[in-house]
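The residues making up each chain are set out below.
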Amino acid sequence: GAGVSQSPSNKVTEKGKDVELRCDPISGHTALYWYRQSLGQGLEFLIYFQGNSAPDKSGLPSDRFSAERTGGSVSTLTIQRTQQEDSAVYLCASSLRGQELEQYFGPGTRLTVT
Amino acid sequence: GDSVTQMEGPVTLSEEAFLTINCTYTATGYPSLFWYVQYPGEGLQLLLKATKADDKGSNKGFEATYRKETTSFHLEKGSVQVSDSAVYFCALSDLTGGGSEKLVFGKGTKLTVNP
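Since we're looking at a predicted model, the values are computed, not measured.

S.K.: Describe the overall build of chain A, naming the residues involved and giving the relevant values.
M.R.: Secondary structure summary: chain A contains zero helices and 10 strands in total. Relative to the globule expectation of 13 Å for 114 residues, the C-alpha radius of gyration of chain A, 13 Å, shows essentially globular dimensions. Referenced to the eigenvectors of the C-alpha coordinate spread, the extents of chain A come out at roughly 40 × 30 × 25 Å. Residues counted as buried form 49% of the 114 residues belonging to chain A. The contacts in chain A between residues at least 6 apart in sequence include a share of 55% that link residues at least 24 apart. Treating the 11 positive side-chain charges of chain A as one cloud and the 12 negative ones as another, the clouds have centres 3 Å apart.

S.K.: Hey, could you go over the pattern of salt bridges for me, with residue numbers and the actual values?
M.R.: Close approach of charged atoms allows side chains with opposite charge to pair. Tallied over the full model, the rule gives eight salt bridges over all chains. As a salt-bridge pair, R36 of chain A and E44 of chain A come within 3.2 Å of each other at their nearest N and O atoms. Judged by relative accessible area, which is 9%, R36 of chain A ranks as buried. Residue D84 of chain B is joined to K77 of chain B by a salt bridge in which the shortest nitrogen-to-oxygen separation is 2.8 Å. Here D84 of chain B falls in the buried class, since its relative accessible area comes to 6%.

S.K.: Quick one: what's the story with the interface of chain B and chain A, residue by residue and with numbers?
M.R.: Each partner contributes to the interface: chain B provides 17 residues, whereas chain A provides 18 residues. Taken together, the two surfaces of chain B and chain A that pack against each other cover about 1,500 Å², and 58% of this comes from carbon and sulfur. When residues of chain B are sorted by the area they lose upon contact with chain A, L44, E101 and K102 of chain B head the list and together hold 33% of the total. As a salt-bridge pair, E102 of chain A and K49 of chain B come within 2.5 Å of each other at their nearest N and O atoms. Where chain B meets chain A, there are five residue pairs in polar contact (both at pLDDT 80 or more). A per-element tally of the side of chain B that touches chain A places strand 5 (residues 32-38) of chain B first, with four residues. For the side of chain B that touches chain A, the residue count by class is seven nonpolar, six polar and four charged.

S.K.: Any chance you could break down the packing of aromatic side chains for me, citing the residues and the numbers?
M.R.: All chains considered together, the criterion is met by 13 aromatic pairs over all chains. Here F105 of chain A and Y36 of chain B contribute two aromatic rings whose centre-to-centre distance is 5.5 Å and whose plane-to-plane angle is 80°, an arrangement assigned as edge-to-face. Highlighted residues: F105 of chain A in strand 9 (residues 104-105) and Y36 of chain B in strand 5, drawn from two different chains. Each member of the aromatic cluster is reached from another via a ring pair, and the members are Y33, Y35, F45, Y48 and F105 of chain A together with F34, Y36, F89 and F105 of chain B. When the ring centre of Y30 of chain B is taken as origin, the NZ or CZ atom of K68 of chain B, which lies over that ring, is 5.2 Å away.

The rules behind each value
Residues numbered from 1 in each chain as written. Chains lettered and ligands numbered in written order. Predicted model: local features only at pLDDT ≥ 70, side-chain atom pairs only at ≥ 80, totals over all residues. Heavy atoms only, no water. Helix = DSSP H or I, 4+ residues; strand = E, 2+ residues; numbered from the N terminus. Rg over C-alpha atoms; globule rule 2.2 N^0.38 Å. Buried < 20%, exposed > 50% of the residue type's maximum accessible area, 1.4 Å probe, protein only. Contact = heavy atoms within 4.5 Å. Lys, Arg positive; Asp, Glu negative; His and termini not counted. Charge placed at Lys NZ, Arg CZ, Asp CG, Glu CD. Salt bridge = Lys/Arg side-chain N within 4 Å of Asp/Glu carboxyl O. Buried area = accessible area lost by both parts, 1.4 Å probe. Polar contact = N/O pair within 3.5 Å; in protein donor to acceptor, adjacent residues only side chain to side chain. Nonpolar A, V, L, I, M, F, W, Y, C, P; charged D, E, K, R; others polar. Phe/Tyr/Trp six-rings, centres within 6.5 Å; stacked < 30°, edge-to-face > 60°. Lys NZ or Arg CZ within 6 Å of the ring centre and 35° of its normal.

Dropping the structure here:
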């Protein structure tokens, strides 16, 4: 079946603009994760959704970052007033309930803030 | 908090050489341990995992053993191939005490295998 998909694959934006990144998890996967991969910080956890439970937002670096998951499926990560240090590859992953140790990653969105 | 330390490389080997990539961890609970691989131009893929002490994860000729006494999960392969060239990430997930399923990653080790 189809894997995790993310869009856009690349995004270039000007400093100060808002951006939205989209993730479509594998059908039937109840858990969804966002991570960020940057040269300076490596791979960092951002936020985790599991079903209807309150999300774990402990990895969001500032209040400029937010995410939502509508209908338990598609998720959108929003970065407001982008800064150059937000430039990174944003990765989404999903997993089945009870199999959270098997996270399947999407190809990522490369964000460049100029 | 939890953390993972792995040798950063880059590592360059000849085909059929023996590979070891060291990984150690710090965790407040009893984590599960993983190796992920990122081939050029592709997304992260789970390579292998181990969920308790002395477990050995294995896949595609790669192995890693969960060593609680040394808090280590070193990745090994007896004979590497050019196709193994990739970036390898050690990671942990600590569900102990109600922790989240989030993954904590090491910095990654770039492996290049020359013919």
